[in-house]
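Spelled out from the first residue to the last, the chains are:
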Amino acid sequence: MNIEEIITLFENSEVLTYIGYFFILNITLTLFEIFLDIFTAKERRWKDTGANIIIFFLGQLLEKTILGSIGIICLLPFYHLSPFEIEMNNWTWALGILVADFTYYWMHRLEHEHRILWANHSVHHSSEDYNLSIAMRLSIVESAIEWIFLIPMILIGFNPFQAIVCLVFVAQYQTWIHTERIVKLGWLDEIFNTPSVHRVHHGSNDIYIDKNYGGILILWDKVFGTFQREEEKVVYGLTKNIHTNNPITINFIEYKNIWKDVKQCNTWKDRFRIIFGNLIWRPPYFKQSKKNNI
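These figures come from a predicted structure and were not determined experimentally.

What follows deals with the layout of surface pockets. The gaps of empty space that remain are located by a probe, the size of a water molecule, rolled over the atoms. Taken as a whole, the largest pocket encloses approximately 1,600 Å³ of empty space. Lining the largest pocket are 48 residues; nearest its centre among them are Q60, E63, V168, A171 and Q172. Going through the elements one at a time, α2 (15-39), α3 (46-67), α4 (70-81), α5 (90-113), α6 (115-125), α7 (143-146) and α9 (160-173) are the ones with two or more residues in the lining of the largest pocket. At nine residues, α3 tops the list of elements feeding residues into the lining of the largest pocket. Partitioning the lining of the largest pocket into residue classes produces 24 nonpolar, 19 polar and five charged. The computed volume of the second largest pocket comes to approximately 1,100 Å³. Around the second largest pocket sit 31 residues that line it, and W118, T239, K240, E254 and R282 are the ones nearest its centre.

What follows deals with the pattern of salt bridges. Taken as a whole and judged by the stated rule, the model has 14 salt bridges. Linking R45 and E128 is a salt bridge whose minimum nitrogen-to-oxygen distance equals 4.0 Å. In this pair, R45 sits in the loop between α2 and α3 while E128 sits in the loop between α6 and α7, placing the two residues 83 residues apart along the sequence. Residues E190 and R229 are paired through a salt bridge, measuring 2.8 Å at the closest nitrogen-oxygen approach.

Of all residues in the chain, 98% attain a pLDDT of 70 or more, and the chain-wide mean is 93. Note on residues 290-294: pLDDT is under 50 here. Beyond four places in sequence and across chains, it has zero contacts.

So, on to helix α12 (residues 247-264). Its 18 residues give α12 an end-to-end C-alpha distance of 27 Å, which sits within 8% of 26 Å, the value for a rise of 1.5 Å per residue. I253 marks the point of greatest bend in α12, at about 45°. Those residues of α12 lying buried are P247, I250, N251, E254, I258, D261 and V262. Measuring from the side-chain oxygen of the N-cap residue of α12 to the backbone nitrogen of I248 gives 2.9 Å; that N-cap residue is N246.

About the criteria used
Residues numbered from 1 in each chain as written. Predicted model: local features only at pLDDT ≥ 70, side-chain atom pairs only at ≥ 80, totals over all residues. Heavy atoms only, no water. 1 Å grid on protein atoms, 1.4 Å probe; cavity = no way out; pocket = protein on both sides within 12 Å on 5 of 7 lines; lining within 4 Å. Points joined across faces, edges and corners; volume = space filled by probe spheres on them. Helix = DSSP H or I, 4+ residues; strand = E, 2+ residues; numbered from the N terminus. Nonpolar A, V, L, I, M, F, W, Y, C, P; charged D, E, K, R; others polar. Salt bridge = Lys/Arg side-chain N within 4 Å of Asp/Glu carboxyl O. pLDDT = per-residue confidence, 0-100. Contact = heavy atoms within 4.5 Å. Expected span 1.5 Å × (residues − 1). Bend = angle between axes of the 7 residues up to and from the residue. Buried < 20%, exposed > 50% of the residue type's maximum accessible area, 1.4 Å probe, protein only. Polar contact = N/O pair within 3.5 Å; in protein donor to acceptor, adjacent residues only side chain to side chain.

What follows is the structure in structure tokens.
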């Protein structure tokens, strides 16, 4: 399979019709919730919602023009290197979604654990609201690097088209869970990523931080020890909120923060760790410098 064949699949495959229906359903649900909030006078930061919509359209524009082909081009060499080839049929689509969901868990978890990845993913967590429009609030440049996490799927025999579409399906599933209007769902909360489960993930409460990374299934969190039920009222947003509705600032403020810290580092080792290490690590002399400036 070459790039022309993959592009043809993206243009003509019947599978994308179903993804399109899913996308239309998600947009319809989001608009319905907006009108419902208007008619019921539910509190909502409307400038925040506007920023989410603008970010969505910016992301779609970049995806359709510049960034959309990066993943395909970069994954093809790995596809040709793999000695395996999985045929596309109903069974392998089901398997592909399961594998993509497992892939999503680890991609999502690593985005919370490494600062350079968090620079993109923090966009999604930076709103202090929680409604369906938050599903639109995704980094406009993250698709330029997220293809990296699909390499294992490619190496075990999935072609780039199937791997990408399966991951898109996992992402599309998650739109409906960004709402406060659906309460706990009992046993479903123990198996699937649901509104209650995902509200926890968006919480900045101490007990909620870095929990519930799953895409469709929440079972991965139970297996790997990151599951947390919704117990106390969720406080949405970051531990240090950014207080802006500017879509560009929202997308790149964490890169600015990283660069600010990098400039204060004394060694290349510290610079590397600031960029690629965990979110909270700083060299000990940062604290000393702060004390001297008081």
